[in-house]
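# An overview of the molecular structure
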Amino acid sequence: MSPTVPMLVLVAREAGLRSALVARLSMAGGDIVTVDNLDDPRVDRWLAHAPVLIIDEGALAARAGGEAALRADPRWRAIAVIGGYAEEGGVPRIASADAAAILEAMLPEWGYPER
């Protein structure tokens, strides 16, 4: 992994969405790991890389503190939420149907080189 390319940590409960995102973002040059929840002890190994968190609304809703807790967590370079409705001043939401294309388009702003 290049130090200029952030790692992507994906928490998506729906298998089809998870598979589509892993395939599309990997083909675009992303270095992706998937976990079932953010309390997975393996997450600590990736934090030195200032990863981007991609989380679906279901996993976010189950997280103690919800979106406010994630926004306050300094471990993440950026956060993208798939599904649901954005809180005022919160993280914008991405529709599931468009998630792969939108996230791929966001890679440059997270530090990926232009393609």
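Provided above is the structure to which this section pertains.
Residues numbered from 1 in each chain as written. Predicted model: local features only at pLDDT ≥ 70, side-chain atom pairs only at ≥ 80, totals over all residues. Heavy atoms only, no water.

## Details of the pattern of salt bridges
As a reminder of what qualifies: For this document, the term salt bridge refers to a Lys or Arg side-chain nitrogen within 4 Å of an Asp or Glu carboxyl oxygen. Labels follow the DSSP assignment, with helices taken as runs of H or I lasting at least four residues and strands as runs of E lasting at least two, numbered in each case from the N terminus. The classification of residues rests on relative accessible area computed with a 1.4 Å probe and restricted to protein chains. Under 20% of the type maximum is buried, over 50% is exposed, and intermediate values are partly exposed.
Applying the stated rule across the entire model yields 5 salt bridges. Note that glutamate 104 and arginine 24 form a salt bridge whose closest N and O atoms lie 2.4 Å from each other. With glutamate 104 in helix H5 (residues 99–106) and arginine 24 in helix H1 (residues 15–27), the pair connects residues that are 80 residues apart, well separated along the chain. Owing to a relative accessible area of 27%, glutamate 104 belongs among the partly exposed residues under this scheme.

## Some words on the pairing of strand E2 (residues 31–34)
Put simply, the rule reads: Strand pairing requires that DSSP identify at least two bridges connecting the strands. Whether a crossover is right-handed comes down to one check: with the strands pointing away from the viewer, does the path from the first strand over the helix to the second run clockwise; if it does, it is right-handed.
Sheet analysis places strand E1 (residues 7–11) next to E2, joined by 4 bridges and oriented parallel. Bridge pairing links methionine 7 to aspartate 31 in E2. Taking the sense of rotation as the criterion, the β-α-β connection linking E1, H1 and E2 turns out right-handed.

## Focus on the sheet that holds strand E3 (residues 52–56)
To keep it simple, the criterion reads: The contact definition used throughout considers only heavy atoms, calling two residues in contact when any of these lie within 4.5 Å. A fitted line through C-alpha atoms serves as each axis, taken over the contacting stretch for helices, and the angle formed by two N-to-C directions is quoted from 0 to 180°.
Here 5 strands make up an open sheet; going across it, the order is E2-E1-E3-E4-E5 and the pairing parallel. Edge positions in the sheet fall to E2 and strand E5 (93–94), since each has one partner strand and no second. Relative to E5, strand E4 (residues 78–82) runs parallel, the two being bridged by 2 bridges. Residue pairing for E5: valine 81 is matched across the bridge by arginine 93. Along the sheet, H1 contacts E1, E2, E3 and E4; its crossing angle with E2, the most-contacted strand, is approximately 160 degrees.

## Quick word on the side chain of arginine 93
Here is the rule: Definition of a polar contact: a pair of N or O atoms within 3.5 Å, with one able to donate and the other able to accept a hydrogen when the atoms are protein atoms, and with sequence-neighbouring residues admitted only if both atoms are side-chain atoms.
With respect to the secondary-structure elements, arginine 93 resides in strand E5. Residue arginine 93 is classed as buried on the basis of its relative accessible area of 18%. A polar contact is formed between the side chain of arginine 93 and the backbone oxygen of glycine 83, at a distance of 3.2 Å. At 3.1 Å, the side chain of arginine 93 forms a polar contact with the backbone oxygen of valine 91. Once you skip the residues sitting within four places of it in the chain, arginine 93 turns out to touch Glu57, Leu60, Glu67, Val81, Gly83, Gly84, Tyr85, Ala86 and Glu87.

## Digging into the environment of alanine 95
With respect to the helices, strands and loops of the structure, alanine 95 is situated in the loop between E5 and H5. Accessibility expressed as a relative area gives 43% for alanine 95, which makes it partly exposed. Put simply, alanine 95 and isoleucine 82 are 13 residues apart on the chain and 5.9 Å apart in space, counted from C-alpha to C-alpha.

## As for H1
The line we're drawing: A helix's residues, less one, multiplied by 1.5 Å, set its expected span. The arc refers to the directions leading from the helix axis to the C-beta atoms.
In a regular helix each residue adds 1.5 Å, so 13 residues correspond to 18 Å; H1 covers 18 Å between its end C-alpha atoms and thus fits that length. Here H1 has its buried residues at Leu17, Leu21 and Leu25. Viewed end-on, H1 has its buried residues packed into an arc of 40 degrees, placing them on one side of the element. In this structure, the buried residues of H1 make contact with E1, E2, E3, E4 and H5. The positive-phi residue at the C-terminal boundary of H1 is glycine 29, with phi of around 100 degrees.

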